[in-house]
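Coordinates in review
Listed below, chain by chain, are the residues.
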Amino acid sequence: GESAETHFTLKDTTVLPAPVILSPQALEEGDETPTLTIQAVHHPWELSVTYEFELFADIALGSRIDAADGLLASHAEVAWRPSVELDDGVYYFRARAVTRDHVPGHWSLVGSFVLKSKPDVVSSPALPIPPIESCQCQATPLSSGWLLILAALLERSKHLRRKLP
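All values derive from a computational prediction rather than experimental measurement.

Within the largest apolar cluster, 20 residues are counted, with the highest numbers of intra-cluster contacts made by Tyr51, Phe53, Leu55, Leu71, Val78, Trp80 and Phe113. For this core, the element with the highest residue contribution is strand β7 (residues 89–98), accounting for four residues. Not counting residues up to four positions away in its chain, the partners in contact with Tyr51 are Ile38, Ala40, Val41, Ala68, Asp69, Gly70, Leu71, Ala73, Val78, Arg96 and Ala97.

See the structure below:
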């Protein structure tokens, strides 16, 4: 007779927790693309856990501009440096762990960084400010019509003040 052997393999269906972003700090500014670093998650088979990163140009995570997967942890950290050429601006990223059976874990919180290759220097020529003494202003005397109007208003205000209790 034939002997039927049955082999069972344990499928890892664990949904791993979200990794914690270590660097860069939120909206950290730099003049070159930073290395994105997360803390590896704890798992019984953590040597077989891989990680994925996604990089976006918008906070709504609608326009992905780079991604990586299959990354391994080294000394309880996972690091990835985007390979695409980035213009100055704000970028957003996230990461997650994936089990050996390809079960994706929870996404990390969204991290961000600001790329500024040129410093904010506003170079405008200094405008000379003339001293006050050099002002060529002249007082214009009030016309007799304006004097009559002002006198009438002053008289009316005196009259109104007398009526107040």
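Structure shown, so let's carry the discussion forward.
Looking now at the sheet that holds strand β3 (residues 36–39). Taken together, the three strands give an open sheet; going across it, the order is β1-β3-β6, and neighbouring strands pair in antiparallel fashion. Each edge of the open sheet carries a strand with a single partner, namely β1 (20–23) and β6 (77–80). Sheet twist, expressed as the mean angle between neighbouring strand axes with direction ignored, is 30 degrees.

Next up on the list: the sheet that holds strand β5 (residues 64–71). In space, the five strands of this open sheet follow the order β2-β8-β7-β4-β5, with mixed pairing throughout. Each edge of the sheet is formed by a strand with only one pairing partner; in this case those strands are β2 (28–30) and β5. Neighbouring strand axes in the sheet, compared pairwise and without regard to direction, differ in orientation by 25 degrees on average. Sheet analysis places β2 next to strand β8 (residues 111–115), joined by three bridges and oriented parallel. Bridging from a neighbouring strand, Gly30 pairs with Leu115 of β8.

Conventions we followed
Residue numbering note: each chain is counted from 1, following its sequence as written. Per-residue local features are limited, in this predicted model, to residues with pLDDT of at least 70; the limit for side-chain atom pairs, both in listing and counting, is 80 or more; totals at the level of whole chains, interfaces and linings are taken over all residues. Only hydrogens and water are set aside; all other atoms, that is, all heavy atoms of the structure, feed into the side-chain values. Joining through side-chain atoms within 4.5 Å is the link that ties buried Ala, Val, Leu, Ile, Met, Phe, Trp, Tyr and Cys residues into a set, and such a set is a nonpolar core. The buried label goes to any residue with under 20% of its type's maximum accessible area, the exposed label to any with over 50%, and the partly exposed label to all in between, with areas taken from a 1.4 Å probe on protein chains only. Helix and strand assignments follow DSSP, with helices taken as H or I runs no shorter than four residues and strands as E runs no shorter than two, numbered in order from the N terminus. The contact definition used throughout considers only heavy atoms, calling two residues in contact when any of these lie within 4.5 Å. Only when DSSP finds a minimum of two bridges between them are two strands counted as paired. Lines fitted to C-alpha atoms define the axes, with helix axes restricted to the stretch in contact, and inter-axis angles between N-to-C directions lie between 0 and 180 degrees.

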